Amino acid sequence: MTPRTVGIVVFDEAEVLDVAGPYEVFSVAGLRHGLEPFRVLLVAERDGPVTARNGFGLVAHATLATAPRLDLLLVPGGFGTRSAMHREEFLAAVRRRADDAEFVLSVCTGALVLARAGLLDGLDATTHHAALDLLRATAPAVRVHEGVRFTDNGRVLTSAGVAAGIDMSLHMVDRLLGRELAEE
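Each chain carries its own residue numbering, running from 1 in the direction its sequence is written. A pLDDT threshold of at least 70 governs which residues receive local features in this predicted model, and a stricter bar of 80 or more applies before side-chain atom pairs are shown or counted, although totals over entire chains, interfaces and linings include all residues. Where side-chain values are given, they derive from all heavy atoms of the structure, hydrogens and water being excluded.

**Concerning the overall build of the protein chain**
Argument step 1. Helix and strand assignments come from DSSP, with helices taken as H or I runs of at least 4 residues and strands as E runs of at least 2, each series counted from the N terminus. Check the secondary structure of the protein chain and you find seven helices and 11 strands.
Argument step 2. Radius of gyration: over C-alpha atoms. The globule rule applied is 2.2 Å multiplied by the number of residues raised to the 0.38 power. A compact globule built from 184 residues should have a C-alpha radius of gyration of about 16 Å, and the protein chain, at 15 Å, falls within 12% of that.
Argument step 3. A principal-axis box enclosing the C-alpha atoms of the protein chain has dimensions of 45 × 35 × 30 Å.
Argument step 4. Think of it in three bands: with a 1.4 Å probe and only protein chains considered, a residue is buried below 20% of the maximum accessible area for its type, exposed above 50%, and partly exposed in between. Looking at the protein chain as a whole, 51% of its 184 residues are labelled buried.
Argument step 5. Accessible areas in this description were obtained via Shrake-Rupley with a 1.4 Å probe; residue shielding takes into account the shown protein chains only. Carbon and sulfur atoms form 51% of the exposed surface of the protein chain, whose accessible area is close to 8,200 Å².
Argument step 6. A positive count includes Lys and Arg, and a negative count includes Asp and Glu. His and the chain ends are not counted in either. Charged side chains are reduced to one point each, which is NZ for Lys, CZ for Arg, CG for Asp and CD for Glu. If you average the places of the 18 positive and of the 24 negative side-chain charges in the protein chain, the two averages end up 3 Å apart.

Shown next, in the form of C-alpha cells:
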C-alpha cells in the first residue's frame, strides 16, 4: 500500500489541537496492523518556525511551495485564520495545493480559509460555533450547518470547533481504510 501524504498547514496562531489531533489520528492509523497508510507532514507558508496558539512552537517539514504532492490537504483553525484568510498569496498557495489533492479538509475556522479561497462554494460546511456567522458573511454561496461535528461533501470535508477535527479525521480513516482501523 502506497501511503497517502497528509499535509497539515501550519501558521502563526493556529489552534494546537486542530493540528495535533488530526496529526495523531493519521500518524497512528493502521500501525497495529503493520500498515503505514499515511505520511503526515506539517506544511507552512514559509520556512522557519511557526508559533501556534499560546506560544506553541512548530517547525514545518516543508512549505506549501516545496512539499511533495499532498493527497489530503488539511487547514486547521485558530485566531491565525483571521489574518491568513486575507493574504492572497497564502490563499493562492492553498488553492494550488487543493487542486492537486484527493481530499481537502478543514478544522474549526480553517473553513474560513477554504471559503475565502473559493473551495467551499456550493458545498455544505461547518466551523466553530462562534464563527458560523463569519463563515456565512465570508462565503454566501456556502451552505453553513450548525450543530454538526463535520460535513462530508465527498472530496471536501469541514469540521466544527477544535476536537471535532479528530472526529472528522477518524471518519476519513473509516472511509479510506474501514471501520476496524478507525476504531483501533
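**Some words on helix α1 (residues 16-28)**
Argument step 1. One less than the number of residues in a helix, times 1.5 Å, gives the span that helix is expected to have. In this model α1 runs 18 Å from its N-terminal to its C-terminal C-alpha over 13 residues, within 8% of the 18 Å that 1.5 Å per residue would give.
Argument step 2. If you check which residues of α1 are buried, you get Asp18, Val19, Gly21, Pro22, Val25 and Phe26.
Argument step 3. Positive phi appears at glycine 30, one or two residues downstream of α1, with a value of about 85°.

**Overview of the sheet that holds strand β2 (residues 38-44)**
What links the strands of a sheet is backbone hydrogen bonding, and the strands pair in either a parallel or an antiparallel sense.
Argument step 1. Two strands make a pair as long as DSSP finds a minimum of two bridges between them. With respect to topology, seven strands assemble into an open sheet ordered β5-β2-β1-β6-β7-β11-β10, the strand pairing being mixed. On the outer flanks of this sheet lie β5 (62-63) and β10 (150-152), each paired with one strand and no other.
Argument step 2. In the sheet, strand β6 (residues 72-75) pairs with strand β7 (residues 103-107) via four bridges, with the strands oriented parallel. Each bridged residue has a counterpart across the sheet, and for leucine 72 the counterpart in β7 is phenylalanine 103.

As far as function goes, none of this settles anything; it's purely spatial.
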